[in-house]
Each structure stands twice: as C-alpha cells, then as structure tokens.
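# Commentary on secondary and tertiary structure
Listed below are the residues making up each chain.
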Amino acid sequence: MQEQQTKRKGMTQGIGNANSLLMATQPIFDRDDKIYGVELLYRNEGGLAVADVGEGVATAEVVYQLSTAIIQRVDTFQAPAFVNVSDDILLARHFLPVSPEHVVIELVERLEPTGELIKAVEHLRHQGFRIALDDFAFDPQWEPLLAMASYVKVDISTLTPETVKACKDRYYHPSLKWVAERVETREERDIYRQLGFDLFQGYYYARPSPVYGKKIPASTLQATTLLRVLHQPEPDNDEIISLIQADPELALKLTRVANSAFYHPRAPIRSVRGIVTHLGLRQLTNWVALFGLLGAARSEHAELALTRAKACELLARSHALCEQDAYFIGLLSSVELLLGIPREEFLTCLEIDDETAGAILHGRGHYGDILHRIEMIERHYAMREQGLSEDMGRLLTLYRQAHHSAFELLSTLMAVKK
C-alpha cells in the first residue's frame, strides 16, 4: 500500500513539473444526461483548502487561471463555467476579466445579502452575467437575490424531497433553472427529475477532476497585454502609456533603460510619455518583451535567448530587413525555453499577427529563413563543430558577435533590476 502511495505521489509530482495544478472541475448535467456546464473548484498544489487561503484568494486564483493560464483540457471549458465568488470580490465591481457568456457567478449561502451586495449583483446582471444561488436554503432574506437569479442550486443531502418540493413550488418562476447538488445515486437523480429539476451534479455523474496547465507569470501576462496593443496596425499611444503607468515596476525599468548609456538622452526622462517618444514603438516592444519573458528565466536561458535575438537582428541588417522585427521574432522563438510554454500556445495567447507567427512556427518568409539559419548555427556553436563551410563560418562569426552583445545587454538588465 505504501509503495503504491509513493508511486502515485511521484506521478503527481511528475505532472506538476511539466504542468501546474490549476483547479478542479465537476460537470453539471441536464435531464438528458448531457453536460450542460462545469463548476470550477479551487485546488492548491500544497493541499491547502479554501478555508486555509480565504474565499477571496480562492476566487481570485480560479478566475485568474481561467482567464490567463494555458490549459491542457480546453474542451472542459466549452460549456459555461460556474464559479463560486466571495463577497469582497463581488463588491469590487470589476473582478471578472472574462465574457459573461462563459461564466455563471455562484453566490454561496454563507454570504450576507446586504443592500450593498444586492446592488453589486444587480450591476453584474446588467453586465450580462448569470447568477446562481449555491447551497440555497430557502431563507427569506435571499428573496431579493432570487428575483435576479438564473439558477438555484440545492444541496439535496441536507433536505428531504418533500421540503424541497414545497419550497420549489413557493419560489417558482419560469426562467429559473433548478440544480440538484450532491446527487449520489440513480434513485436520487430520478426523484429530483420527477420534482422538475433541470440540472444535476454529484458523484453519481462524476467526481471533481484536476485540471493541469501552464501558469503564465504575472510579469509576462502584463507584458503580453501591452504587446498586444503595440502590435496593433495603428497602436494607440495613450493606451500604451496608460498600460505602462498601471505597472509601476515596468514603468521604473523602462525609465532606467531610457536614461541609460544605451540611449544617451540629452536630458533626464521622467515621464512615461517621454519614454515612449524617446525609445520609439519598435524598441519599446523589444524591451517590454525582454522584461516579460526574462523575468523568471534562468541566466543561461536568458543568455541563449538574447544571443539568438541579437543574431537574428544582425543577420537581418546584412539583408537590409527590419532589424527590430528580426530581434523580436528571435526573442519570441525562445519562449518555450524561457517559460516552458510551447511556441504555438504562447503566440495564440499573445494574438500575434500571422506574418510573425508564420516566421516563428513554420519558418515562413524572409524572417522565418533568418530564424532557421540562426537556430542552425546555434546548434553548430553549441557542439563546437569545426570545418564549416565559408557561409556557415561567416554565420558563426556573426553569432559570436551576437553572443558578446548579449553579455553586455544582460549587464544592463541586471543594473535595471536593482
């Protein structure tokens, strides 16, 4: 038994090394036993429960992973996601960065239905979110929220069918769907079908299943949001400035870069608008990508990524192509090394343009050819191969020059971090 537990623990750790435990899901079925929706449940790799971390933290974590993580089982989220939400996040008024069509907000019975909370729920309803009353115990003080609810979830393990029927008849209205929770047997399912329940959830159907995926570091996520704006056909400078100002750490780093010996400003630059003007959008894009991708990277990985990006830039210069575009493509091609996230998945998250994605993923176009040649010489350089052709020899010289520049840039980055 102990051997099996040790083996199981090792398997779990092995999964965790490649993918993090993000949450768990439990499907909700309709009367025809087809999946109608899925409840998202908080899970912690350290084994902490909601009570240990607090409902606000648990809610924020589930919503954050739903909105930002690269999840293995994408099919899980084709149905609406039911999410338990704490009162402090409800009252924040701007807690869900997701579309209302994809999320149902669950209000648990232990919330206090104050006037302020009722107003917050009303605001969310006007935004298009559907509301579910979870563990509903038919307390009269919840009646104002019942009028705004799309779903009532009843824990059938705590009430008799007779009690549930009487309360259901009392609170009936045609647009309200009734959900039987904790259905553990076929007999229970049949009883609540006969009582007119619309949806069913519990161990009879499925136990909660863990969901694994890649967590994108917060710094990378912030950089990704900014990069999306920078890569629009006509970037909005005011929006760019606003996004930088919303991230004080990034603003400080860019201020140090703009005032460094790298750019020799005539006078100290102290405003974000001045940074954007002085660096220009192409250079700004590369610095944002650098800070976003290298923040959590090991130094040797950062060195390789910067060398590849610089080598792409130098080779593009020799072919009269845009150096900044080549640098950016070289840097993004290293995302799997830097973050452990496959190129395809990260570029989808970034919503990058087709030309850039094609160069990185499929070696298309002039920039794709440049990236392919640099990755090829990268391997020769790592293997310290001799007797290369004249063309490859020139490429190796260029790569060594890029490697030297990468050391200088890493020194600058280290200074900026202090």
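Fair warning: this is a prediction, and the values are worked out from it, not measured in the lab. (Residues numbered from 1 in each chain as written. Predicted model: local features only at pLDDT ≥ 70, side-chain atom pairs only at ≥ 80, totals over all residues. Heavy atoms only, no water.)

### Quick word on unusual backbone geometry
Look at Asp-135: it is not a glycine, yet its phi comes out positive at around 50°. Here Asp-135 lies in the loop between β6 (130-133) and α6 (143-146). The phi torsion at Arg-182 lies on the positive side, around 60°, for a residue other than glycine. One can find Arg-182 in the loop between β8 (177-181) and α8 (186-194). Looking at Arg-182, the relative accessible area reads 52%, which means it is exposed. (Helix = DSSP H or I, 4+ residues; strand = E, 2+ residues; numbered from the N terminus. Buried < 20%, exposed > 50% of the residue type's maximum accessible area, 1.4 Å probe, protein only.)

### Points about the environment of Pro-208
With respect to the element layout, Pro-208 can be found in the loop between β9 (199-200) and β10 (209-214). For Pro-208, a relative accessible area of 27% corresponds to the partly exposed category. For the pair Pro-208 and Thr-25, spaced 183 residues apart in the sequence, the C-alpha separation amounts to 5.2 Å. With residues near it in sequence (within four places) discarded, Pro-208 still touches Ala-24, Thr-25, Gln-26, Leu-41, Arg-43 and Tyr-203. (Contact = heavy atoms within 4.5 Å.)

### Focus: the packing of aromatic side chains
The final tally for this structure, using the stated rule, is 12 aromatic pairs. Here Phe-82 and Tyr-151 contribute two aromatic rings whose centre-to-centre distance is 5.1 Å and whose plane-to-plane angle is 65°, an arrangement assigned as edge-to-face. Taken together, the positions of Phe-82 in strand β4 (residues 81-84) and Tyr-151 in strand β7 (residues 151-155) put the pair 69 residues apart, joining distant regions of the chain. Taken individually, Phe-82 and Tyr-151 each receive the classification buried, so the pair is uniform in this respect. An angle of 70° between the planes, with centres 5.9 Å apart, marks the rings of Trp-178 and Phe-197 as edge-to-face. With Trp-178 in strand β8 and Phe-197 in the loop between α8 and β9, this pair connects stretches of sequence that are 19 residues apart. The residues Trp-178 and Phe-197 share a single accessibility class, namely buried. (Phe/Tyr/Trp six-rings, centres within 6.5 Å; stacked < 30°, edge-to-face > 60°.)

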